[in-house]
Amino acid sequence: MSLPGRAVTGSVRPPEVEPHPLRRLLALGRPVVMGVLNVTPDSFSDGGRFIDPAAAIAQARRMVVEGADILDVGAESTRPYGGAAPVSLTDELARLEPVLPAAVETGVPVSIDTIKAKVAAWALTAGAAIVNDVWGLQRDPDMARVVAEHRVPVIVMHNRDAADPAIDIVADVTAFFARSLDVAARAGIDRDCIVLDPGVGFGKTPEQSMAVIARLEAFGCFGLPLLVGASRKRFIDTVMPSAPDRRLGGSIAAHLVAVRNGAAIVRVHDVAETVQALRVAAAIGAAL
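Reading the values: rules and limits
- Residues numbered from 1 in each chain as written.
- Predicted model: local features only at pLDDT ≥ 70, side-chain atom pairs only at ≥ 80, totals over all residues.
- Heavy atoms only, no water.
- Helix = DSSP H or I, 4+ residues; strand = E, 2+ residues; numbered from the N terminus.
- Contact = heavy atoms within 4.5 Å.
- Areas by Shrake-Rupley, 256 points an atom, 1.4 Å probe, with all protein chains shown as cover.
- Buried < 20%, exposed > 50% of the residue type's maximum accessible area, 1.4 Å probe, protein only.
- Pairing = 2+ DSSP bridges.
- Arc of directions from axis to C-beta.
- 1 Å grid on protein atoms, 1.4 Å probe; cavity = no way out; pocket = protein on both sides within 12 Å on 5 of 7 lines; lining within 4 Å.
- Points joined across faces, edges and corners; volume = space filled by probe spheres on them.
- Nonpolar A, V, L, I, M, F, W, Y, C, P; charged D, E, K, R; others polar.

Novice: Explain the overall build of the protein to me, please; I cannot follow it from the model alone.
Specialist: The secondary structure content of the protein amounts to 11 helices and 8 strands. Here the contacts in the protein between residues at least 6 apart in sequence split such that 66% fall between residues at least 24 apart. About 12,800 Å² of surface is accessible on the protein, with carbon and sulfur atoms providing 55% of the total.

Novice: How do you make sense of the side chain of Asn159 when you look at a structure like this?
Specialist: Mapped onto the elements, Asn159 comes out in the loop between strand S5 (154-157) and helix H7 (169-187). Not counting chain neighbours up to four residues away, the residues in contact with Asn159 comprise Val134, Trp135, Phe176, Phe202 and Gly203.

Novice: How should the pairing of strand S2 (residues 70-74) be read in this particular structure?
Specialist: Within a regular beta strand, the side chains point alternately toward one face of the sheet and then the other, so they alternate between its two faces. Burial of S2 is extensive: 5 of the 5 residues sit out of reach of the surface. Burial of the side chains of S2 extends over both faces: Ile70, Asp72 and Gly74 are buried on one face and Leu71 and Val73 on the other. Relative to S2, strand S1 (residues 32-38) runs parallel, the two sharing 5 bridges. Within S2, the position partnered with Met34 by the bridge is Ile70. With 4 bridges joining them, S2 and strand S3 (residues 110-113) adopt parallel strand pairing. By the bridge assignment for S3, Asp72 is matched with Ser111.

Novice: For this particular structure, what's the right way to read helix H8 (residues 206-214)?
Specialist: One turn of the α-helix equals 3.6 residues, which is why residues spaced by three or four share an orientation. Taken as a whole, H8 has its buried residues at Pro206, Gln208, Ser209, Val212 and Ile213. Along the axis of H8, the buried positions cluster into a sector of 165 degrees, meaning they face one direction only. Opposite the buried face of H8, by more than 90 degrees, sit the exposed residues Glu207 and Ala214.

Novice: Any chance you could explain the sheet that holds strand S6 (residues 194-197) here in plain terms?
Specialist: Strand-to-strand pairing in sheets goes through backbone hydrogen bonds, with the strands running parallel or antiparallel. Spatial strand order, S6-S5-S4-S3-S2-S1-S8-S7: 8 strands in an open sheet with parallel pairing. The open sheet is flanked by S6 and strand S7 (227-228), the only strands paired with a single partner. For S7 and strand S8 (residues 265-268), the ladder comprises 2 bridges, and the chain directions are parallel. Each residue of the ladder has a partner; that of Leu227, found in S8, is Ile265.

Novice: I tried to follow the layout of surface pockets on my own but got confused; where do I start?
Specialist: In this structure, the second largest pocket spans a volume of roughly 190 Å³. What lines the second largest pocket is a set of 14 residues, among which Phe235, Ile236, Gly250, Ala253 and Ala254 lie closest to the centre. Elements supplying a minimum of two residues to the lining of the second largest pocket: H8, helix H9 (234-239) and helix H10 (248-260). Here the lining of the second largest pocket takes 4 residues from H10, the largest share from any one element. Considered class by class, the residues forming the lining of the second largest pocket number 10 nonpolar, 2 polar and 2 charged.

Rendered as structure tokens:
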């Protein structure tokens, strides 16, 4: 996550460039925990519990206390299984305006989860430090430009309009990432400012969602940090029937496997429980 400094002229040393907070987190040598904050009325996972700004701000602060390294704030449900109503730019900004600046004030890096370049630009101006694009720079043609101009990290997630059980999902994700990286390069986004997310639950059958976690190491060919967001996703229900808010065990199991297979970041709803699971797993590993 290097940020360019000024060129050296004569004997004048360039100013020290403060490492981006995400780079510092990734350098800790442990999994980074991203806490999900949905400021939406129709999220599949929490059903609008945090649409009220006061409730959302309280949840942001709670997740930081519980150990969240990053807060991922979104105001339009991407509802990975379809059915989410599109949200206008005006409505999305109205939901974010009372919440995102307060999330920034918690002191941890804030990621803006949006597919709209104008929303990303506003959020970055308001203090967000990362862009999380569930269409991997391939939906809004201005998104890559906004990321490049603000010189911030971007999470590039794989997505499809519909699942196709006949395809090799790992090959499809790999090809998608290659296209996104080309878009990023043409826009001038530094390669070391990119995190890749295989998009568990998005445009995938439950079996394909499990496959991208099981075969996560295949995406190591890009040499970039990997993020996995398996929290409360539908594939858990296919293994053990359960409502979204009853999938904690499956979520933790998926994230532990993801970390074992190379995930540097996990995106979760249940921060305290995930932090505990990761720390216990690491302690057991260290005792070998």
